Amino acid sequence: RVRVRGLSIYRPIIYGNTAVVLTQKEREALSTPDHTHRWTVAVRSAASASDSDIVGGADDLSYFIKRVTFKLHDTYSNPTRNVDKPPFEVTETGWGEFEIQIRITFVPESGEKAITTYHHLKLHPWTAVGSNEPEIPPLDAAMKMGPVHSWQYDEIVFNDPFQSFLNVLLAN
Ligand code: SLL
């Protein structure tokens, strides 16, 4: 296998979460009534990013991503969640914010090592620094404020890629 020396190629991604407050009805339907929110953490393409992608639309990363592993807080059963096909996301309910480890494994033909990043799961609405609003508003107020979004843009860079992998990247 031949590497294309001196060449770097990148693919733009976004990763992060959306969260909504559960209604009283939804909470009562859960086996865990202490859970207050439903959230989705995801890795998505930024190349075709639009609002519809963020809420769960088209996704096209599987030509170079084989698996995304989301490592949740230990309070969850089976905290290590492997997702082997798009959409690369996990939806859960819960009551608290925590750090999610996100490990991205590439297709074997790439010869690339997995990469790891972190996302702080955000449930509570954003508040302006120095404002008088409470840092965590009451649930009824938070519900009226609508879904919370916390997303980061990043670029996955492949240096000296294999010629065959480069062809795959360029063909998609
Ligand atoms: C905290 N550092 O103490 C955080 C931890 C953990 C959140 C938050 C659900 C657990 C379950 C859940 O929301 N865990 O019941 O499955 O605030």
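Below: a short report on this structure. What you see is a predicted model; the values in this text were computed from it and never measured.

1. Considerations on the sheet that holds strand β5 (residues 88-94)
Ordered in space as β5-β2-β1-β8, the four strands form an open sheet in which the pairing is antiparallel. The outermost strands of the open sheet, each flanked by one partner alone, are β5 and β8 (148-159). In this sheet, neighbouring strand axes are inclined to one another by 15° on average, regardless of whether the strands run parallel or antiparallel. Sheet topology note: the strand β1 (residues 8-21)/strand β2 (residues 37-45) ladder contains nine bridges and is antiparallel. Bridged to A19 within β2 is W39. The sheet strands contacting helix α4 (residues 163-171) are β1 and β8, and the helix crosses β1 at an angle near 55°.

2. What to know about a nonpolar patch on the surface
Taken together, the side chains of Y10, Y153 and V157 present a nonpolar region at the surface, about 320 Å² in accessible area. Position of Y153 among the secondary structure elements: in strand β8.

Calculation notes
Residues numbered from 1 in each chain as written. Predicted model: local features only at pLDDT ≥ 70, side-chain atom pairs only at ≥ 80, totals over all residues. Heavy atoms only, no water. Pairing = 2+ DSSP bridges. Helix = DSSP H or I, 4+ residues; strand = E, 2+ residues; numbered from the N terminus. Axes fitted to C-alpha atoms, helices over the stretch in contact; angles between N-to-C directions. Contact = heavy atoms within 4.5 Å. Patch = residues over 30% accessible without salt bridge, like charges linked within 9 Å, V, L, I, M, F, W, Y side chains within 5 Å. Areas by Shrake-Rupley, 256 points an atom, 1.4 Å probe, with all protein chains shown as cover. Salt bridge = Lys/Arg side-chain N within 4 Å of Asp/Glu carboxyl O.

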